[in-house]
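Here's the letter readout for the chains.
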Amino acid sequence: MIELKTPQELEWMRQAGRVVAGVLDRVATIVKPGITTQQLDDAAAAYIRRHGAQPAFLGYRGFPATICVSVNEEVVHGIPGARRIGPGDLVSIDAGAVVSGFYADAAVTVIAGSGSPQTKRLVDITRRALQEGIAQVVVGRRLHDISYAIQRVIEQAGFGIVRDFVGHGIGRALHEDPPIPNFGTPHTGDRLRPGMVFAIEPMVTMGGHEVDILQDGWTAVTKDRSLAAHFEHTVVVTEDAPEILTRVG
Ligand code: MG
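Small disclaimer: the values here were computed from a predicted structure and weren't measured.

1. Overview of the overall build of the protein
Reasoning step 1: Scanning the protein from N- to C-terminus turns up 4 helices and 15 strands.
Reasoning step 2: Taking 18 Å as the expected radius of gyration for a compact globule of 249 residues, we find that the protein reaches 17 Å, a close match to that expectation.
Reasoning step 3: Each of the three principal axes of the protein carries a C-alpha extent, and together these read 45 × 40 × 35 Å.
Reasoning step 4: By the burial criterion, 55% of the 249 residues in the protein qualify as buried.
Reasoning step 5: Contacts in the protein between residues at least 24 apart in sequence constitute 69% of all its contacts with a sequence separation of at least 6.
Reasoning step 6: Total accessible area on the protein is roughly 10,400 Å²; 50% of this is exposed by carbon and sulfur atoms.
Reasoning step 7: Placing the 24 positive and 28 negative side-chain charges of the protein at their respective mean positions leaves the two points 4 Å apart.

If you want it as structure tokens, here you go:
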């Protein structure tokens, strides 16, 4: 069952979304060769507290950090630590914040320094897949119209779509109904109604779709160790255009 948010709840989610956007903007700016993933986490933690929100991931099912930092073949849920970012590394940053008990969740992928043309293309395609998915967040469309729009961009580019992790409803909890796969059959699934809020998040690989979970119990890596990128926004279904809660600016 997909919960519809009230105007007050949406206002809290807007506030959480602004904080998440600010965190990602801040952290993306300081991603450079030589910085550790722990330093990125520290910057995110300071930003969230300074803006009167709480981190959404810290303690979630025991997750030990404020943000997820996933490098190169790591797809999602990388744990910040002593690792130093290297030149050309592909760095995915996922952040969540809570305001008055309501959540927002978003992710970006950046290249530390200059990346190869193929790495840049992976980032561009993943960002575009998210944009195409968001363009389907319109009253009367159906849930898998979002999924299919994302799938089409990725498959046309010849990249792999991660299947073991998907987008999700969001609001009173970080993960709510419905699951939003990054592949699907158009014109199927729930009909979109105003007040629904979705975290849409394509996870794209340069190789196959399969993932492994590392010994730490969290970090998802591509099975073939190909590079992976991840973009995410929290988006509201409105009577008009989709409202992106986690956009910078
Ligand atoms: Mg998410």
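Let us keep going from here.
2. Thoughts on the coordination of the magnesium ion
Reasoning step 1: Taken together, the protein ligands of the magnesium ion are D105 (OD), H168 (NE2), E201 (OE) and E232 (OE), with distances of 2.1 to 2.4 Å.
Reasoning step 2: Sequence spacing of the donor residues for the magnesium ion, all on one chain, is D-x62-H-x32-E-x30-E. Of this pair, H168 sits in strand β7 (residues 167-169) while E232 sits in the loop between β13 (228-230) and β14 (233-236), and the two are 64 residues apart along the sequence.
Reasoning step 3: On the accessibility criterion, H168 (4% relative accessible area) is buried.

3. Section: the sheet that holds strand β9 (residues 197-200)
Reasoning step 1: Taken in spatial order, the 5 strands make up an open sheet running β8-β7-β9-β14-β15, and their pairing is antiparallel. Among the strands making up the open sheet, the edge pair consists of β8 (176-180) and β15 (243-244).
Reasoning step 2: Pairing between β7 and β9: 2 bridges, direction antiparallel. By the bridge assignment for β9, G169 is matched with F198.
Reasoning step 3: Of the strands in this sheet, β8 and β9 are in contact with helix α4 (residues 143-157), which crosses β8 at around 40°.

4. A closer look at the nonpolar core
Reasoning step 1: I146, I154, F159, L192, F198 and I200 are the most contacted members of the largest nonpolar core, which totals 29 residues.
Reasoning step 2: Looking at this core, the elements with two or more residues in it are α3 (117-135), α4 and β9.
Reasoning step 3: Apart from residues no more than four positions distant in its own chain, F159 is found in contact with Q118, R121, L122, I125, I154, V204, T205, M206 and G207.
Reasoning step 4: Within the second largest apolar cluster, 28 residues are counted, among which are I35, A53, I67 and V71.

5. Observations concerning the packing of aromatic side chains
Reasoning step 1: Going through the model one piece at a time under the given rule, you end up with 2 aromatic pairs.
Reasoning step 2: Residues F63 and W218 carry aromatic rings whose centres are separated by 5.0 Å and whose planes lie at 85° to one another, so their mutual orientation is edge-to-face. Here W218 lies in the loop between β11 (211-213) and β12 (220-222) and F63 lies in the loop between β1 (54-55) and β2 (68-71), a separation of 155 residues in the sequence. Like W218, F63 is buried.
Reasoning step 3: The side chain of R163 reaches across the aromatic face of F183, ending 4.2 Å from its centre.

6. Description of the environment of A149
Reasoning step 1: Within the element layout of this structure, A149 appears in helix α4.
Reasoning step 2: Of the residues examined, A149 reaches a relative accessible area of 6% and is grouped as buried.
Reasoning step 3: Sequence spacing of A149 and F183 is 34 residues, and the spatial spacing of their C-alpha atoms is 8.0 Å.
Reasoning step 4: Once residues within four sequence positions are removed from consideration, A149 is found in contact with E132, G133 and Q136.

Reading guide: rules and limits
- Residues numbered from 1 in each chain as written.
- Predicted model: local features only at pLDDT ≥ 70, side-chain atom pairs only at ≥ 80, totals over all residues.
- Heavy atoms only, no water.
- Helix = DSSP H or I, 4+ residues; strand = E, 2+ residues; numbered from the N terminus.
- Rg over C-alpha atoms; globule rule 2.2 N^0.38 Å.
- Buried < 20%, exposed > 50% of the residue type's maximum accessible area, 1.4 Å probe, protein only.
- Contact = heavy atoms within 4.5 Å.
- Areas by Shrake-Rupley, 256 points an atom, 1.4 Å probe, with all protein chains shown as cover.
- Lys, Arg positive; Asp, Glu negative; His and termini not counted.
- Charge placed at Lys NZ, Arg CZ, Asp CG, Glu CD.
- Donors = N, O, S within 2.8 Å, 3.2 Å for Na, K, Ca; no water.
- Pairing = 2+ DSSP bridges.
- Axes fitted to C-alpha atoms, helices over the stretch in contact; angles between N-to-C directions.
- Core = buried A, V, L, I, M, F, W, Y, C linked by side-chain atoms within 4.5 Å.
- Phe/Tyr/Trp six-rings, centres within 6.5 Å; stacked < 30°, edge-to-face > 60°.
- Lys NZ or Arg CZ within 6 Å of the ring centre and 35° of its normal.

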